[in-house]
Amino acid sequence: MWRLALRTLKFRRTSFVATFLAMFLGAAIVIGCGGLMETGVRMAADPQRLGGASVVVTGEQSYDSAALTERHRIDPDLVAAVAKADGVRTAVGDVSVPATVLKDGKPLTGKSDSYGHGWASARLTPYTLAAGGSPAAGGEVVLDSGLAQHAGVRPGSTVDIVVQGHTRRFRVSGIAEQRGDHNPHAAVFFTDDEARTLAGGRIDSIGVVPAPGTSVGAVADAVRTAVGDRAEVLTGEHRGLAELPGTLASKRTVVILAAVFGSSVVLIVMFGVASTLGLSLQQRVREMALLRAVGSTSKQLRRMILTETAVLSVGSVLLALLPGWAIGRLLFGVLTSSGVVSSEIVYHAGWVPMAVGAVVTVLAAAGATRFAGRKAARTEPVAALAEATAGTRWFSVPRLLLALFFLANGIGLAIATATVMQDGPTLASTAGPASVLFCIGLALLAPGITRAMVALLRLPVRALSGLSGQLALRNAATANVRMAGAVAPIVLLIGIATGTLYMQSTEDHVSRTSYDKNILAQYVLDSSTGGFAPGVVDRVRATPGVAAASELVVSRGFVDASGGPADVDLRGVSAEGVRQSLDLPVVAGSLTDLRADTVALSDKKAGEYGVKVGDRLPMHLGDGTAVRPTVVALYADNPKQEYLTLPAETVAPHTGDGLAHQILVRTTPGSGTEVHDRLAALAAAVPGTELDVSSSLAGRNNQIQQILVSANYTIVAMIVGYAAITVVNTLVAVTRKRRAEFGLQRLTGATRAQVIGMLSVEGLLIGVIATVLGTIASATTIVPYSLKKSDSYLPSGSIGIYLAIVGGSLLLVFGATLLPSWRGMRTPAVDTVKAA
């Protein structure tokens, strides 16, 4: 049986190459999504500044299983406790505070590139003095060599540095050089006491160097005992997480993206492989009948088909391992470049995603073999020969039940999207797969649906296309299974592309417009040096032409609800300017009371949490700090901007930099361009400050938008690309199989132009049927998502998106049909009939 299977592969290269390609690309994409999933689950990062520490102690970066978005700092007293643990040679406390070096009053680096630390932590990178000495007193600093070179300073020089929003002058006591190239940030070293004072008296992490001859594991266990539940102990590839506060919050995002798109990819790959392999087996019904006629049993034929499939599966999986790793790396690169995940996170793709990709591909191929080859293997020889000629039987109870299963699940996910799911990043987890499932259900019923739609289109096709149309209609009526095989992958292509792209365009529109409507201010001042000093907002308010100014701090925290912590967006604002800067229609209380230990929230949220004006709201801020602010105001709910509003001085100290990075500015009516010029002058006087229109905040501060855009388009492009390849594979295989048919038509008097015209009408029928079904399938994603996001049945976005998808699909249909046919008809008709 092995010999027969291998010979079959040899003499049917065209159909088997198409099947092999579907398996190969499918396995590669599944492996890539698996690698993304493994990376999210492991979420590891190599240490940068703390590379010299084998063990790192840092604040717990989660609260009740929910990841914190801000750094949770720890008590400096832990340094002494860790230093006394068995096997510890050195324990060094580390802090990081924004410290921007100025040259000629301009920042040398952005806030993400320059940080200040205590000098004792320099040994952990390690940094060593190249010139001068260590900082011995307040007002002295050591600069790394790159920063000193750009600033043009040397030991003994003075340099201006922005720390805590203020510009201070320091004396450069020394220049340090880094060994290795791990640290991506420029470093400024203060004395340990001054660095700790700048950080608010607490420390970020503790770097631990084990004593010689001790194992890292034993030291880590001893340190865990010493710190108890007051801190987290990291070793190995997880040490780098101590330098990346908030990274664990992106773990959920990566896992959700990988799960949503991975599950969709698995379904599409299984469908694509099954469709291509099933088509190949359908074209071999006559061959199976002849084998049955010479004495082969059904069991022998099934073994032969399974053997062929096994050879193709194993070969495709082995060749897909390296491309699969590269695809996963590409997807991860998109996430890091868009800011969803830190670039320091290590990409992992071990044997697990490789095994999943292999298993999915093999199971898809085996399932397709059993489903498509069962009928050919079991049918009696005479009946099989007759069926090979007609090829119109397709209906079976298992097929119907499977189609109903996919259709019901697709509708169920659509209903869940519209009625159950909360608006947020996870909304796409039900909206996206709905169209995929519905497409597969329609594809399983495609032969019957195709036959019905061809009957409906009969009159207009006859009226408009003449003889070519009549030939195409006859072919469609007598070979509806074959036509359905071409329709099915195009339905998948149109359904997925239309649903996903309009889902994204709706998200874009709603996010942009809702944020713009919520912001009443015309301008925003943005700091790139770690935030504004408290007095800057007062200077803005004093500017002629300014009606109101409010600081703006963006974070994310948790409300201690009865069902567990509920994560919620936080906005820190100034009571003096919040009413004129943000659209918060007050229904109870007053926003002017938003000072100190207070909070304002929407009436809907208040009902969910069971609080009213005057009550205390138990919650945790972004760094895990527990607070119980008093509710001083309730405002009308905005479903697209559901956040809690607190004083900026309450939220800012619990963010990474400890200061407000933005100031919203509302101008007086009729102030004209003069106020813009005054604000621009003020921005120029505050180092690292930029003046922009307030609408720019929509793109910079919308987390959901940042999560979805680049990653969504990239992964969808891969899915659509795979579906397009499946379309081409299917159409080319069908067209090449019909060469003998075209030869007979030419021998009986048909011209090449007439045959091409017949194929064009057939292609148009395929395109129309697939467009209708694909559009219906895409509605299971578009309609519920649009209802949830914008209370409209129609999505936001240009009609050009839909026209481009349909036009591209038609180009694929005509290109994969007409080009092989035209090339085949260059061969004399007699020869093509003989070859059959």
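Residues numbered from 1 in each chain as written. Predicted model: local features only at pLDDT ≥ 70, side-chain atom pairs only at ≥ 80, totals over all residues. Heavy atoms only, no water.

Once that is clear, we can look at the overall build of the protein. Within the protein one finds 26 helices and 26 strands. Among the 836 residues that make up the protein, the fraction classed as buried is 53%. The long-range fraction of contacts in the protein, counting pairs at least 24 apart against all pairs at least 6 apart in sequence, stands at 82%. Summed over all atoms, the accessible surface of the protein reaches about 34400 Å², with 59% contributed by carbon and sulfur. (Helix = DSSP H or I, 4+ residues; strand = E, 2+ residues; numbered from the N terminus. Buried < 20%, exposed > 50% of the residue type's maximum accessible area, 1.4 Å probe, protein only. Contact = heavy atoms within 4.5 Å. Areas by Shrake-Rupley, 256 points an atom, 1.4 Å probe, with all protein chains shown as cover.)

Looking at the secondary structure, you find A652 in the loop between α19 (648-651) and β25 (662-667). The spatial distance from the C-alpha of A652 to the C-alpha of R571 is 9.6 Å, given a sequence separation of 81 residues. The residues touching A652, leaving out its near neighbours within four places in the chain, are V553, G658, L659 and A660.

Counting residues in each nonpolar core, the largest one holds 97 residues, and the members touching the most others are I345 and V487. If we ignore the near neighbours within four places in the chain, the residues touching I345 are T39, M43, A44, A45, L241, L244, T247 and F332. Membership of the second largest hydrophobic core comes to 41 residues, among which are L78, V79, A151 and V227. (Core = buried A, V, L, I, M, F, W, Y, C linked by side-chain atoms within 4.5 Å.)

With antiparallel pairing, the four strands of this open sheet are ordered in space as β4-β14-β1-β15. The two strands at the open ends of the sheet, each matched to only one other strand, are β4 (88-94) and β15 (232-235). The sheet shows a mean angle of 25° between the axes of neighbouring strands, taken without regard to direction. Inspection of the sheet shows strand β1 (residues 55-58) paired to strand β14 (residues 205-210) by four bridges, in the antiparallel sense. Its bridge partner lying in β14, T58 is registered against S205. Contacts from helix α6 (residues 216-227) reach β1, β4, β14 and β15, with the element oriented near 170° to β15. (Pairing = 2+ DSSP bridges. Axes fitted to C-alpha atoms, helices over the stretch in contact; angles between N-to-C directions.)

Attention now moves to the packing of aromatic side chains. Enumeration according to the criterion identifies six aromatic pairs in this entry. On the numbers, 5.4 Å between centres and 85° between planes, the contact of W119 with F189 is edge-to-face. One end of the pair, W119, is in the loop between β8 (114-118) and β9 (127-132); the other, F189, is in strand β13 (residues 186-190), and 70 residues separate them in sequence. For the pair shown, W119 and F189 are each scored as buried. Their ring planes at 70° and their centres at 5.1 Å tell us that Y127 and F189 sit as a pair that is edge-to-face. (Phe/Tyr/Trp six-rings, centres within 6.5 Å; stacked < 30°, edge-to-face > 60°.)

Between helix α14 (residues 446-478) and helix α24 (residues 752-790), whose axes approach to 10 Å, the crossing angle comes to 150°. Our classification of the angle between α14 and α24 gives roughly antiparallel. Judged by the sense of rotation from one axis to the other, the crossing of α14 with α24 is right-handed. Classifying every residue of the contact of α14 with α24 gives 16 nonpolar, seven polar and one charged. (Parallel < 35°, antiparallel > 145°, perpendicular 65-115°, else oblique. Left-handed = near helix turned anticlockwise from the far one by under 90°. Nonpolar A, V, L, I, M, F, W, Y, C, P; charged D, E, K, R; others polar.)

Most of strand β23 (residues 630-635) sits out of view: six of its six residues are buried. Bridge count between strand β19 (residues 586-589) and β23: three bridges; the pairing is antiparallel. Opposite A588, over in β23, you have L634 as the bridge partner. By the bridge criterion, five bridges tie strand β20 (residues 598-602) to β23 in an arrangement that is parallel. Within the sheet, the bridge partner assigned to T598 lies in β23 and is T630.

Here the focus is the pattern of salt bridges. For the coordinates displayed, the defined rule picks out 20 salt bridges. One salt bridge connects R556 with D567, and the closest N-O pair in it is separated by 2.9 Å. Of the two residues, R556 sits in strand β17 (residues 546-561) while D567 sits in strand β18 (residues 564-573), which places them eleven residues apart along the sequence. Residue R556 is classed as partly exposed on the basis of its relative accessible area of 23%. Exposure remark for D567: the relative accessible area of 38% places this residue in the partly exposed category. Of the charged contacts in the structure, one is a salt bridge between D569 and R556, with a shortest N-O distance of 2.3 Å. Of this pair, D569 sits in strand β18 while R556 sits in strand β17, and the two are 13 residues apart along the sequence. Residue D569 is classed as partly exposed on the basis of its relative accessible area of 25%. Connected via shared salt-bridge partners are D538, R541, E576 and R595. (Salt bridge = Lys/Arg side-chain N within 4 Å of Asp/Glu carboxyl O.)

Bringing a positive patch on the surface into the picture now. On the surface, K299, R302, R303 and R370 cluster together into a patch of positive charge. Looking at the positive patch element by element, the count peaks at three residues for helix α9 (residues 298-337). The residue R303 is located in helix α9 in this model. (Patch = residues over 30% accessible without salt bridge, like charges linked within 9 Å, V, L, I, M, F, W, Y side chains within 5 Å. Lys, Arg positive; Asp, Glu negative; His and termini not counted. Charge placed at Lys NZ, Arg CZ, Asp CG, Glu CD.)

Tallying each qualifying case throughout the model produces six cavities of 30 Å³ or more. Taken as a whole, the second largest cavity encloses approximately 140 Å³ of empty space. Of all elements in the fold, only α14, α15 (480-518), α22 (703-737) and α24 reach the threshold of two or more residues within the lining of the second largest cavity. In terms of residue class, the lining of the second largest cavity is built from eight nonpolar, four polar and three charged. (1 Å grid on protein atoms, 1.4 Å probe; cavity = no way out; pocket = protein on both sides within 12 Å on 5 of 7 lines; lining within 4 Å. Points joined across faces, edges and corners; volume = space filled by probe spheres on them.)

Our focus in this paragraph is helix α16 (residues 534-541). Of all the positions in α16, only V536, V537 and V540 are classed as buried. The buried side chains of α16 occupy one side of the element, clustering within an arc of 100° when seen end-on. Close packing links the buried residues of α16 with β16 (523-527), β17, β25 and α20 (674-685). (Arc of directions from axis to C-beta.)

The subject of this paragraph is a nonpolar patch on the surface. Together, F395, V397, L401 and L404 give the surface a local cluster of nonpolar side chains, amounting to about 410 Å² of exposed area. By secondary structure assignment, the location of L401 is in helix α12 (residues 397-419).

With five of five residues buried, β13 is to be regarded as a mostly interior element. Burial of β13 is two-sided: the residues A186, V188 and F190 facing one way and the residues A187 and F189 facing the other way are all buried. Pairing of β8 with β13 involves five bridges; the strand directions are parallel. Bridge pairing in β13 links H117 to F189.

The next point concerns the packing of α12 against helix α13 (residues 428-444). At their nearest, the axes of α12 and α13 sit 8 Å apart, and the two run at 155° to each other. The orientation of α12 relative to α13 falls into the category roughly antiparallel. Both α12 and α13 take part in a crossing whose hand is left-handed. Residues R399, L402, A403, F406, L407, N409, G410, I411, L413, A414 and T417 of α12 lie in contact with α13, whose contacting residues are T430, A431, P433, A434, L437, F438, I440, G441, L442, A443 and L444. Class assignment of the residues belonging to the contact of α12 with α13 gives a composition of 16 nonpolar, five polar and one charged.

Given a rise of 1.5 Å per residue, twelve residues ought to cover 16 Å, and the 16 Å separating the end C-alpha atoms of α6 matches this to within 8%. For α6, the complete set of buried residues consists of V219, A220, A222, V223 and V227. Seen end-on, α6 carries its buried residues on one side only, within an arc spanning 165°. Turning to α6, the residues buried within the fold contact β1, α3 (78-83), β4, β14 and β15. G228, located one to two residues past α6, shows a positive phi value of around 60°. (Expected span 1.5 Å × (residues − 1).)

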